[in-house]
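Topology and contacts: notes
Residue strings, one per chain:
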Amino acid sequence: MANKIYYLASCDTCRKIIKSLPKTANLEYHDIRQNPISESELDEIYQLSGTYEALFSKKAQLYKSMDLKNKSLTEADFKKYLLEHYTFLSRPVFIIDGKIYIGNSQKNIADVIKVLS
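In what follows, the accompanying structure is described. (Residues numbered from 1 in each chain as written. Predicted model: local features only at pLDDT ≥ 70, side-chain atom pairs only at ≥ 80, totals over all residues. Heavy atoms only, no water.)

Following the criterion strictly, the structure yields 8 salt bridges and no others. For Lys79, the salt bridge is made with Glu39, and the minimal N-O distance between the two is 2.8 Å. Within this pair, whereas Lys79 is found in helix α4 (residues 75-84), its partner Glu39 is found in helix α2 (residues 39-49), the two being separated by 40 residues in sequence. (Salt bridge = Lys/Arg side-chain N within 4 Å of Asp/Glu carboxyl O. Helix = DSSP H or I, 4+ residues; strand = E, 2+ residues; numbered from the N terminus.)

Take a look at the structure:
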């Protein structure tokens, strides 16, 4: 599996993170709005993350507008929502040397930069 980043080109945070990556970073870039994640790609990411919930962004505006926080969601629900709309993916998601890094926490991004350097 190639080293890859799943991101949203229109997301300021994603753009800032991509700019901060080492110039030598050899990543395949996957804009999830232009090219939605397929079920097989989601399944590959799931194998690394262990849960669909770990990939799911509870900060998404749709999460609030659909009142999902007041529903008890199953893994099947998380998978369904992740496939239905790109905004539910916690971004960015890096897959580097078979290891997954989910989200934009400072520690996560520092780990990604360290691994790519």
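For any two aromatic rings, the description comes down to two numbers: the centre-to-centre distance and the angle of the planes. The tally for this structure, following the rule as stated, stands at 6 aromatic pairs. Measuring from ring centre to ring centre gives 4.1 Å for Tyr46 and Tyr52, while their planes differ by 10°; the resulting arrangement is stacked. With relative accessibility at 25%, the residue Tyr46 sits in the partly exposed group. Seen in terms of ring centroids, Phe56 and Phe88 are 5.0 Å apart; in terms of plane orientation they differ by 10°. Their pairing is stacked. A residue pair is termed long-range when its members are at least 10 positions apart, and Phe56 in the loop between α2 and α3 (61-65) and Phe88 in the loop between α4 and β3 (93-96) qualify at 32 residues. One residue, Lys80, lies across the ring of Tyr81, its end atom 4.4 Å from the ring centre. (Phe/Tyr/Trp six-rings, centres within 6.5 Å; stacked < 30°, edge-to-face > 60°. Buried < 20%, exposed > 50% of the residue type's maximum accessible area, 1.4 Å probe, protein only. Lys NZ or Arg CZ within 6 Å of the ring centre and 35° of its normal.)

Strand order in the open sheet made by the 4 strands is β2-β1-β3-β4, with mixed pairing throughout. Every other strand in the sheet has two partners, leaving β2 (28-31) and β4 (99-102) as the edge strands with one partner each. Between one strand and the next, the sheet's axes are offset by a mean angle of 15°, whatever the strand orientation. Where strand β1 (residues 4-7) meets β3, 3 bridges bridge the pair, whose relative direction is antiparallel. (Pairing = 2+ DSSP bridges. Axes fitted to C-alpha atoms, helices over the stretch in contact; angles between N-to-C directions.)

A separate point is the pairing of β3. Burial along β3 is two-sided: Val93 and Ile95 facing one way and Phe94 and Ile96 facing the other are all buried. Where β3 and β4 come together, 4 bridges link them in antiparallel fashion. Paired with Val93 across the two strands is Ile102, which belongs to β4.

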